[in-house]
Amino acid sequence: MTKTIMAVGAHIGDAQLTCGMLLAKQAMQGDRVVIVDLTAGERGKPAGWTTPDFRKYNVECAAKFAEKIGGESIVLDTPDGELYDTKEQELALATLMRKYQVNAVLYHWKNSMHKDHRAASRITDNAIFYASLPTFEHELPRAPITKFLYAENWEDADGFKPYYYFDVTEAFPVWKEAIKELWLAEHSTSFKYLRYYEALSVVRGAKIRVDHATCFGIEDY
(Lines give C-alpha, C1' and ligand atoms only; values in the text may rest on other atoms or scores of the structure.)
Protein backbone atom coordinates (compact mmCIF):
# COMPACT_ATOMS: atom_id res chain seq x y z
CA MET A 1 0.00 0.00 0.00
CA THR A 2 1.46 3.34 -1.02
CA LYS A 3 1.91 6.17 1.48
CA THR A 4 2.18 9.94 1.29
CA ILE A 5 5.23 11.38 3.02
CA MET A 6 5.60 15.09 3.66
CA ALA A 7 8.91 16.73 4.55
CA VAL A 8 8.74 20.23 6.03
CA GLY A 9 11.69 22.62 6.03
CA ALA A 10 12.13 26.15 7.32
CA HIS A 11 13.97 27.14 4.13
CA ILE A 12 14.54 25.68 0.70
CA GLY A 13 17.46 23.33 1.27
CA ASP A 14 16.63 22.12 4.78
CA ALA A 15 14.30 19.27 3.89
CA GLN A 16 16.07 18.53 0.62
CA LEU A 17 19.41 18.03 2.38
CA THR A 18 18.24 16.22 5.49
CA CYS A 19 15.27 14.20 4.22
CA GLY A 20 15.98 14.02 0.50
CA MET A 21 17.73 10.65 0.46
CA LEU A 22 14.85 8.95 2.25
CA LEU A 23 12.29 10.77 0.12
CA ALA A 24 14.05 9.60 -3.03
CA LYS A 25 14.03 6.03 -1.72
CA GLN A 26 10.33 6.13 -0.89
CA ALA A 27 9.50 7.65 -4.28
CA MET A 28 11.40 4.83 -5.94
CA GLN A 29 9.18 2.42 -4.03
CA GLY A 30 6.03 4.10 -5.30
CA ASP A 31 5.17 6.42 -2.41
CA ARG A 32 4.06 9.99 -2.95
CA VAL A 33 6.51 12.52 -1.52
CA VAL A 34 5.78 16.19 -0.94
CA ILE A 35 8.30 18.81 0.19
CA VAL A 36 6.94 21.93 1.88
CA ASP A 37 9.35 24.83 2.36
CA LEU A 38 7.93 27.37 4.80
CA THR A 39 10.21 30.07 3.34
CA ALA A 40 12.32 30.23 0.19
CA GLY A 41 15.57 31.02 2.04
CA GLU A 42 15.97 34.08 -0.16
CA ARG A 43 17.98 36.13 2.33
CA GLY A 44 20.87 33.73 1.96
CA LYS A 45 21.44 35.25 -1.46
CA PRO A 46 24.92 35.29 -2.95
CA ALA A 47 26.66 38.52 -3.88
CA GLY A 48 25.24 40.19 -6.95
CA TRP A 49 21.70 38.89 -6.55
CA THR A 50 18.61 40.79 -5.50
CA THR A 51 16.48 39.14 -2.84
CA PRO A 52 13.40 38.79 -5.12
CA ASP A 53 15.48 37.30 -7.92
CA PHE A 54 17.13 34.78 -5.60
CA ARG A 55 13.74 33.81 -4.20
CA LYS A 56 12.43 33.10 -7.69
CA TYR A 57 15.57 31.11 -8.50
CA ASN A 58 15.35 29.08 -5.27
CA VAL A 59 11.71 28.21 -5.90
CA GLU A 60 12.58 27.01 -9.40
CA CYS A 61 15.48 24.96 -8.04
CA ALA A 62 13.27 23.37 -5.37
CA ALA A 63 10.85 22.30 -8.10
CA LYS A 64 13.69 20.78 -10.14
CA PHE A 65 14.98 18.90 -7.09
CA ALA A 66 11.53 17.48 -6.37
CA GLU A 67 11.05 16.46 -9.99
CA LYS A 68 14.38 14.63 -10.07
CA ILE A 69 13.55 12.52 -7.01
CA GLY A 70 9.99 11.90 -8.16
CA GLY A 71 8.26 14.24 -5.72
CA GLU A 72 6.37 17.52 -5.49
CA SER A 73 7.48 20.93 -4.23
CA ILE A 74 5.45 23.55 -2.36
CA VAL A 75 6.99 26.85 -1.21
CA LEU A 76 4.98 29.12 1.06
CA ASP A 77 5.09 32.92 0.91
CA THR A 78 6.54 33.74 4.35
CA PRO A 79 9.68 35.92 4.05
CA ASP A 80 12.95 34.28 5.01
CA GLY A 81 13.93 35.18 8.58
CA GLU A 82 10.36 36.13 9.51
CA LEU A 83 8.96 32.69 10.32
CA TYR A 84 6.90 32.69 13.52
CA ASP A 85 4.76 30.07 15.18
CA THR A 86 1.27 31.47 14.60
CA LYS A 87 -2.05 29.71 14.31
CA GLU A 88 -2.32 31.00 10.75
CA GLN A 89 0.95 29.27 9.81
CA GLU A 90 -0.06 26.09 11.63
CA LEU A 91 -3.45 25.88 9.92
CA ALA A 92 -1.98 26.60 6.49
CA LEU A 93 0.36 23.63 6.90
CA ALA A 94 -2.37 21.48 8.46
CA THR A 95 -4.57 22.17 5.44
CA LEU A 96 -1.83 20.90 3.14
CA MET A 97 -1.47 17.76 5.27
CA ARG A 98 -5.22 17.16 4.98
CA LYS A 99 -5.26 17.96 1.25
CA TYR A 100 -2.51 15.44 0.50
CA GLN A 101 -3.77 12.89 3.05
CA VAL A 102 -0.34 12.61 4.59
CA ASN A 103 0.70 9.43 6.41
CA ALA A 104 4.13 10.46 7.68
CA VAL A 105 5.86 13.79 8.37
CA LEU A 106 9.60 14.53 8.45
CA TYR A 107 10.68 17.84 9.96
CA HIS A 108 13.02 19.89 12.14
CA TRP A 109 14.13 18.81 15.60
CA LYS A 110 12.86 21.21 18.29
CA ASN A 111 16.27 22.61 19.31
CA SER A 112 18.33 24.65 16.89
CA MET A 113 20.80 27.51 16.61
CA HIS A 114 18.45 28.96 13.96
CA LYS A 115 15.26 30.76 15.01
CA ASP A 116 13.43 29.79 11.82
CA HIS A 117 14.20 26.12 12.44
CA ARG A 118 12.82 26.29 15.98
CA ALA A 119 9.68 28.01 14.72
CA ALA A 120 9.31 25.46 11.91
CA SER A 121 9.44 22.61 14.40
CA ARG A 122 6.68 24.11 16.57
CA ILE A 123 4.56 25.01 13.53
CA THR A 124 4.80 21.45 12.23
CA ASP A 125 4.07 19.91 15.64
CA ASN A 126 0.84 21.86 15.90
CA ALA A 127 -0.05 21.38 12.24
CA ILE A 128 0.13 17.61 12.77
CA PHE A 129 -2.30 18.03 15.68
CA TYR A 130 -4.78 20.09 13.65
CA ALA A 131 -4.42 17.85 10.60
CA SER A 132 -4.98 14.56 12.38
CA LEU A 133 -7.58 15.50 15.02
CA PRO A 134 -10.94 13.99 13.94
CA THR A 135 -13.00 16.48 15.93
CA PHE A 136 -11.28 19.59 14.56
CA GLU A 137 -13.72 21.28 12.22
CA HIS A 138 -12.27 21.56 8.73
CA GLU A 139 -13.57 21.35 5.18
CA LEU A 140 -11.10 18.56 4.40
CA PRO A 141 -10.99 15.10 6.02
CA ARG A 142 -8.40 14.40 8.69
CA ALA A 143 -4.94 13.31 7.60
CA PRO A 144 -4.09 9.70 8.54
CA ILE A 145 -0.73 10.63 10.09
CA THR A 146 0.78 7.67 11.93
CA LYS A 147 4.45 8.61 12.06
CA PHE A 148 6.40 11.84 12.50
CA LEU A 149 10.19 11.92 12.66
CA TYR A 150 12.84 14.55 13.26
CA ALA A 151 15.53 15.01 10.62
CA GLU A 152 19.24 15.12 11.42
CA ASN A 153 20.36 18.68 10.65
CA TRP A 154 23.76 20.08 11.60
CA GLU A 155 22.08 23.28 12.79
CA ASP A 156 19.58 21.36 14.96
CA ALA A 157 22.05 19.18 16.86
CA ASP A 158 21.26 20.22 20.45
CA GLY A 159 19.76 17.14 22.10
CA PHE A 160 19.14 15.30 18.83
CA LYS A 161 19.54 11.52 19.11
CA PRO A 162 19.43 9.23 16.06
CA TYR A 163 16.75 6.57 16.55
CA TYR A 164 15.79 5.26 13.11
CA TYR A 165 18.45 4.37 10.54
CA PHE A 166 17.34 3.98 6.92
CA ASP A 167 19.42 2.33 4.21
CA VAL A 168 19.35 4.81 1.31
CA THR A 169 22.19 3.33 -0.73
CA GLU A 170 20.08 2.73 -3.84
CA ALA A 171 18.59 6.23 -3.74
CA PHE A 172 21.82 8.06 -2.93
CA PRO A 173 22.91 8.70 -6.57
CA VAL A 174 19.46 10.10 -7.36
CA TRP A 175 19.65 12.45 -4.37
CA LYS A 176 23.21 13.54 -5.13
CA GLU A 177 22.31 14.50 -8.67
CA ALA A 178 19.13 16.27 -7.56
CA ILE A 179 20.67 18.23 -4.67
CA LYS A 180 23.07 19.93 -7.08
CA GLU A 181 20.06 21.87 -8.37
CA LEU A 182 20.21 23.92 -5.14
CA TRP A 183 22.72 26.76 -5.10
CA LEU A 184 23.81 26.28 -1.49
CA ALA A 185 24.67 22.59 -1.93
CA GLU A 186 27.98 23.29 -3.64
CA HIS A 187 28.38 27.07 -3.72
CA SER A 188 27.75 28.25 -0.15
CA THR A 189 30.82 29.97 1.29
CA SER A 190 29.69 29.46 4.89
CA PHE A 191 29.24 25.67 4.96
CA LYS A 192 30.02 22.74 2.64
CA TYR A 193 26.51 21.31 2.56
CA LEU A 194 26.88 18.59 -0.06
CA ARG A 195 30.20 17.41 1.34
CA TYR A 196 28.81 17.29 4.88
CA TYR A 197 25.60 15.39 4.15
CA GLU A 198 27.33 12.98 1.78
CA ALA A 199 29.95 12.22 4.45
CA LEU A 200 27.26 11.92 7.13
CA SER A 201 25.42 9.35 5.02
CA VAL A 202 28.63 7.29 4.85
CA VAL A 203 29.14 7.50 8.63
CA ARG A 204 25.53 6.55 9.36
CA GLY A 205 25.71 3.80 6.76
CA ALA A 206 28.79 2.28 8.40
CA LYS A 207 26.80 1.78 11.60
CA ILE A 208 24.24 -0.42 9.86
CA ARG A 209 26.78 -1.92 7.42
CA VAL A 210 25.55 -0.29 4.22
CA ASP A 211 27.11 2.30 1.93
CA HIS A 212 24.72 5.16 2.74
CA ALA A 213 22.14 5.70 5.47
CA THR A 214 20.14 8.56 6.89
CA CYS A 215 18.94 9.01 10.47
CA PHE A 216 15.84 10.40 12.13
CA GLY A 217 14.97 11.02 15.76
CA ILE A 218 11.84 10.79 17.87
CA GLU A 219 10.57 12.83 20.79
CA ASP A 220 12.50 11.98 23.96
CA TYR A 221 9.79 12.06 26.61
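Residues numbered from 1 in each chain as written. Predicted model: local features only at pLDDT ≥ 70, side-chain atom pairs only at ≥ 80, totals over all residues. Heavy atoms only, no water.

**Some remarks on the overall build of the chain**
When you go through the chain residue by residue, the secondary structure sums to 8 helices and 7 strands. Relative to a compact globule of 221 residues, whose C-alpha radius of gyration would be 17 Å, the chain shows 16 Å and is just as compact. Projected onto the principal axes, the alpha-carbon positions of the chain cover approximately 45 × 45 × 35 Å. When the 221 residues of the chain are sorted by exposure, 51% land in the buried category. When contacts within the chain are restricted to residue pairs at least 6 apart in sequence, long-range pairs at least 24 apart make up 77% of them. For the chain, the exposed surface amounts to about 10,600 Å²; the carbon and sulfur share of it is 52%. (Helix = DSSP H or I, 4+ residues; strand = E, 2+ residues; numbered from the N terminus. Rg over C-alpha atoms; globule rule 2.2 N^0.38 Å. Buried < 20%, exposed > 50% of the residue type's maximum accessible area, 1.4 Å probe, protein only. Contact = heavy atoms within 4.5 Å. Areas by Shrake-Rupley, 256 points an atom, 1.4 Å probe, with all protein chains shown as cover.)

**Overview of the nonpolar core**
In globular proteins that are soluble, nonpolar side chains generally tend to be buried together. Of all hydrophobic cores here, the largest spans 37 residues; its most connected members are Leu23, Ile69, Leu106, Trp175 and Ile179. Considering each element in turn, this core owes the most residues, 5 residues, to helix H2 (residues 20–28). Within the second largest apolar cluster, 29 residues are counted, among which are Leu38, Tyr130, Ala143 and Phe160. (Core = buried A, V, L, I, M, F, W, Y, C linked by side-chain atoms within 4.5 Å.)

**Some points on the packing of helix H4 (residues 87–99) against helix H5 (residues 115–132)**
Where H4 meets H5, the axes come as close as 8 Å, and the angle between the chain directions of the two elements is 55 degrees. In terms of their interaxial angle, H4 and H5 are classed as oblique. Judged by the twist between their axes, the crossing of H4 over H5 is right-handed. Side by side, H4 and H5 meet where Lys87, Gln89, Glu90, Leu91, Leu93, Ala94, Met97 and Arg98 of the first sit next to Arg122, Ile123, Thr124, Asn126, Ala127, Ile128, Tyr130 and Ala131 of the second. In terms of residue class, the contact of H4 with H5 is made up of 9 nonpolar, 3 polar and 4 charged. (Axes fitted to C-alpha atoms, helices over the stretch in contact; angles between N-to-C directions. Parallel < 35°, antiparallel > 145°, perpendicular 65-115°, else oblique. Left-handed = near helix turned anticlockwise from the far one by under 90°. Nonpolar A, V, L, I, M, F, W, Y, C, P; charged D, E, K, R; others polar.)

**A look at the pairing of strand E4 (residues 104–107)**
Burial of the side chains of E4 extends over both faces: Ala104 and Leu106 are buried on one face and Val105 and Tyr107 on the other. Examined bridge by bridge, strand E1 (residues 4–9) and E4 share 3 bridges and lie parallel to one another. Across the sheet, the residue bridging to Met6 is Val105, located in E4. As paired strands, E4 and strand E5 (residues 147–151) are joined by 4 bridges and run parallel to one another. In the sheet register, Val105 faces E5, and the bridge partner there is Phe148. Between E4 and its parallel partner E5, the chain crosses via H5, and the hand of that crossover is right-handed. (Pairing = 2+ DSSP bridges. Right-handed = clockwise from strand over helix to strand, strands pointing away.)

**Comments concerning the packing of aromatic side chains**
Counted according to the given criterion, the structure contains 17 aromatic pairs. With a centroid separation of 6.3 Å and 80 degrees between ring planes, the pair formed by Trp109 and Phe160 is classed as edge-to-face. Pair noted here: Trp109 is in the loop between E4 and H5 and Phe160 is in the loop between E5 and strand E6 (164–167), with a separation of 51 residues, a long-range link. According to the relative accessible area criterion, Trp109 is buried, its value standing at 3%. Seen from their ring centres, Phe129 and Tyr130 are 5.6 Å apart, and the 65 degrees between their planes marks the pair as edge-to-face. On the accessibility criterion, Phe129 (47% relative accessible area) is partly exposed. Taken together through their ring pairs, the aromatic side chains of Trp154, Phe191, Tyr193, Tyr196 and Tyr197 make up a single cluster. We note Lys115 situated over the ring of Tyr84; from NZ or CZ to the ring centre the distance is 4.5 Å. Above the ring of Tyr164, the side-chain terminus of Lys147 is found at 5.1 Å from the ring centroid. (Phe/Tyr/Trp six-rings, centres within 6.5 Å; stacked < 30°, edge-to-face > 60°. Lys NZ or Arg CZ within 6 Å of the ring centre and 35° of its normal.)

**Concerning the side chain of Ser121**
Checked against the element boundaries, Ser121 lands in helix H5. You can call Ser121 buried: its relative accessible area is 1%. The residues contacting Ser121, other than those within four sequence positions of it, are Tyr107, His108, Trp109, Lys110 and Tyr150.

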